[in-house]
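Remarks on the overall topology
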Amino acid sequence: MKHLSFLLPILLLVLVIGCGPKSTTTTTESSDNTFASFEDRFLDAYWKQHPTGSIFAGYGKYYDLLITPDSTAFASNVAFSRQWLDSLNTFDLNTLNDNNKISLNIIKNQLESDIWYISVFKQQEWDASVYNIAGECDYIINQPYAPLDERLLTLSKHLQTTDAYYKAALAMLKKPSKEHVELAILQNQGGASVFGPALMDSIKASHLSDADKAALQENITKATIAINGYVDGLKAILADKNYTFRDFRIGKELFTEKFKYDLATDFTPEQVYEKANADKQLYHTKMAGIARSLWSKYYDNQIKPADSLKLIQMVLDKIQLQHSSPEHFFDSLTRQVYQLKKFIVEKDLFDFDTASPPIKVRIMPAYARGFSVASAEFTPPYQKSGTTYYNIDDLTLYTPEKAESVLKEYNNYASQLLSIHEAVPGHCVQGIYNNKKSPDVVRAVFQNGAMIEGWAVYAEAMMLENGWGGNSPEMELVHDKLKLRELANVIIDYELQVQNKSKEELIRLMVVECFQTNAQAEEKYHRATVSQVQLCSYYAGSTAIQALREDYKNKMGDKYNLKEFHEAFLSYGSSPVKYIRERMLN
Ligand code: ZN
């Protein structure tokens, strides 16, 4: 099976050279046509090579395949990427139109990144959490790409080789990091709930034959045993007193390379890190001013502390007492989404049709838990219908102390900014545009994390500028605190992964200088141990978008219009901001 996938790119390489995309040096319709058909063939081959990716992209084919993640499979992936890079290099960038230039660069970055992840970063050997079938199974079961009966039959096929999948996964782990083993246990255990009562109800409601139902049940049982086997294997590693774990820190060289591939930005990690440190100072000054103006409202005639960080913290302490309860948190965020949709339509900030693309607020599914309090889950890019989810963790599952800490963090002000960020007009809205309006599927499927996170962060500030929150100083102070959180994300990511700073130093930075609660700082520290570079994407991306909007405004002069900026910006899908910039300022 695996060798079959080699044949296709080799054949295509011959075809592409035969068509002679290099035969002309000026932009021609024919080289663009050649590129367009190249892109279609490439994407189909890519999804066949990466069927799990095909499921998340909503491609609609190859869902039944589950690749066994052994060394042959990883070698095959590297060979695949090399061959397609060779084909890609037969195109002369100068002969392509601007849209195709962006697409070519995105494909190139993706293939080079795929090779790097396997050959240099070797994540498959040390990150146990990359092995988890729950997410893709949830998509197979719940996304509306086919009728229920067909989806269940696909699931049944997809689960046939889970035993081999998880055995290979365990064998691939050469020297895992302890932190990723722990994460893998948590996520795989949680993920098993995808095969729980809701699925059983679906099977009952289906029209499958008794034989098909029995086969599906058997495959589900096998999958559950395989997941438990993997979890047991990981637990045995943890229990082994003599086991030598890899350090979770990746160090400067890998961090710099990962930064380049993941963010696709011209900035170096050091430049972003230094700007974050400088901006931290500016926010401290601004926040001290707001805190002074709010002091008497919350503390009457009490003497203000001389230390401005203490002053800011004391005012924030009062603001943060204004919060929901674990039982009502979900409902209050659901209401916010409704009000935010109404606001962006009334203020004419987007050509957003609130009726057609559904954004569903739901309790976070188990497989997605362990990273954050809330998250956005897009409709897959190829899928033109379907649901975009705003997932909110169930706070009633937390200990009372943890729930209280999270609720202070996501108080009545910050929770609004959370809903802006994750849902409207942040991630969920951007995800909808990504699917519906982008001219080229490449930029919708190979998403740039810095653009996506940058957009959500940009959205917070943009909504306040346009009057969300009624210019309240409390909202402004809480928003500034969020800005500090984004700066801190950069600082702790870099200081932990590259500079080897201690947990105590990083927690102090987050709690004392950035006003985070202990629970929040602990959660973020944990995230910084199991991810790398991702934490930089918020600040790097939003800084780039703000700068682009300024330059676009200057370029347009009297004709500048915020809605048009948003519509144009989002029409480029989830491309790196540096490519969107080239197009919008040209
Ligand atoms: Zn986000």
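1. Details of the environment of Pro-381
Here Pro-381 shows up in the loop between β2 (374-377) and β3 (388-392). Along the backbone, Pro-381 and Asn-33 are 348 residues apart, and their C-alpha atoms lie at a distance of 22 Å. In this structure, Pro-381 is in contact with Phe-56, Ala-57, Asn-435, Ala-444, Val-445 and Gln-447, ignoring residues within four places of it in sequence.

2. A look at the layout of surface pockets
Estimates place the volume of the second largest pocket at around 450 Å³. As for the second largest pocket, its lining consists of 23 residues, of which Tyr-283, Ala-461, His-479, Lys-483 and Gln-546 are closest to the centre. At the level of secondary structure, the elements contributing two or more residues to the lining of the second largest pocket comprise α14 (269-299), α21 (449-465), α22 (473-497) and α25 (537-556). Per-element accounting of the lining of the second largest pocket gives the leading share, six residues, to α22. A breakdown of the residues in the lining of the second largest pocket according to their chemical character gives nine nonpolar, seven polar and seven charged.

3. Focus: unusual backbone geometry
Between Val-424 and the following residue, Pro-425, the backbone shows a cis peptide bond with an omega angle of 0°. Considering the arrangement of structural elements, one finds Pro-425 in the loop between α18 (414-422) and α19 (427-436). Not every positive phi belongs to a glycine, and Tyr-62 is a case in point at roughly 70°. If you trace the backbone, Tyr-62 turns up in the loop between α3 (51-57) and α4 (71-88). Of note in the backbone geometry, Asn-471 takes a positive phi value of approximately 55° without being a glycine. Mapped onto the fold, Asn-471 is located in the loop between α21 and α22.

4. Comments concerning the coordination of the zinc ion
Tetrahedral coordination by four donors places them ideally at 109.5 degrees to one another around the metal; octahedral coordination by six donors ideally gives 90 or 180 degrees. Within the protein, His-421 (NE2), His-427 (NE2), Glu-453 (OE) and Glu-453 (OE) serve as the donor atoms for the zinc ion, at 2.0 to 2.8 Å. Relative to the metal, the four donor atoms surrounding the zinc ion lie at angles of 51 to 152°, and the coordination shape comes out irregular. In the primary structure, the donors to the zinc ion are separated according to the pattern H-x5-H-x25-E. Of this pair, His-427 sits in helix α19 while Glu-453 sits in helix α21; the two residues are 26 residues apart in sequence, bridging distant segments of the chain. Its relative accessible area of 4% is what places His-427 among the buried residues.

5. Structural notes on the domain arrangement of the protein
When the domains of the protein are assigned, the result is domain 1 (10-121), domain 2 (130-239) and domain 3 (315-325 + 345-351 + 432-584). Computed over C-alpha atoms only, the centres of domain 1 and domain 2 are separated by 29 Å. Residue-level contacts link 13 residues of domain 1 with 17 residues of domain 2. Both sides of the domain 1 and domain 2 interface together cover about 1,300 Å² of buried area, and 76% of this is carbon and sulfur.

6. Some details on the confidence of the model for the protein
For the protein, per-residue confidence averages 91 on the pLDDT scale, and 93% of positions sit at 70 or higher. Throughout residues 1-25 the model reports pLDDT below 50, and contacts reaching past four residues in sequence, or to other chains, amount to 39 contacts.

7. Structural notes on the packing of aromatic side chains
Applying the stated criterion to the full structure yields 42 aromatic pairs. Consider the rings of Phe-38 and Phe-42, whose centres lie 6.3 Å apart with planes at 5°: the pair is stacked. Residue Phe-38 and its partner Phe-42 are both found in helix α2 (residues 29-49); the two are separated by four residues, about one turn of the helix. Exposure remark for Phe-42: the relative accessible area of 0% places this residue in the buried category. An aromatic cluster is built from Phe-35, Phe-38, Phe-42, Tyr-46, Trp-47, Tyr-59, Tyr-62, Phe-80, Trp-84, Phe-91, Tyr-382 and Phe-446, whose rings are joined through pairwise contacts. In this arrangement the basic side chain of Arg-246 is found over the ring face of Trp-126, its NZ or CZ atom lying 4.1 Å from the centre.

8. Let's talk about the sheet that holds strand β1 (residues 359-363)
Judged by pairing direction, the sheet is mixed, and its three strands sit side by side in the order β1-β3-β2 without closing on themselves. Looking at strand neighbours, the two that pair on one side only are β1 and β2, the edges of this open sheet. For this sheet, the mean angle separating the axes of adjacent strands, direction not counted, is 20°.

How each quantity is defined
- Residues numbered from 1 in each chain as written.
- Predicted model: local features only at pLDDT ≥ 70, side-chain atom pairs only at ≥ 80, totals over all residues.
- Heavy atoms only, no water.
- Helix = DSSP H or I, 4+ residues; strand = E, 2+ residues; numbered from the N terminus.
- Contact = heavy atoms within 4.5 Å.
- 1 Å grid on protein atoms, 1.4 Å probe; cavity = no way out; pocket = protein on both sides within 12 Å on 5 of 7 lines; lining within 4 Å.
- Points joined across faces, edges and corners; volume = space filled by probe spheres on them.
- Nonpolar A, V, L, I, M, F, W, Y, C, P; charged D, E, K, R; others polar.
- Donors = N, O, S within 2.8 Å, 3.2 Å for Na, K, Ca; no water.
- Tetrahedral: all angles 85-135°; square planar, octahedral: opposite > 155°, others 65-115°.
- Buried < 20%, exposed > 50% of the residue type's maximum accessible area, 1.4 Å probe, protein only.
- Domains from an automatic or database assignment.
- Buried area = accessible area lost by both parts, 1.4 Å probe.
- pLDDT = per-residue confidence, 0-100.
- Phe/Tyr/Trp six-rings, centres within 6.5 Å; stacked < 30°, edge-to-face > 60°.
- Lys NZ or Arg CZ within 6 Å of the ring centre and 35° of its normal.
- Pairing = 2+ DSSP bridges.
- Axes fitted to C-alpha atoms, helices over the stretch in contact; angles between N-to-C directions.

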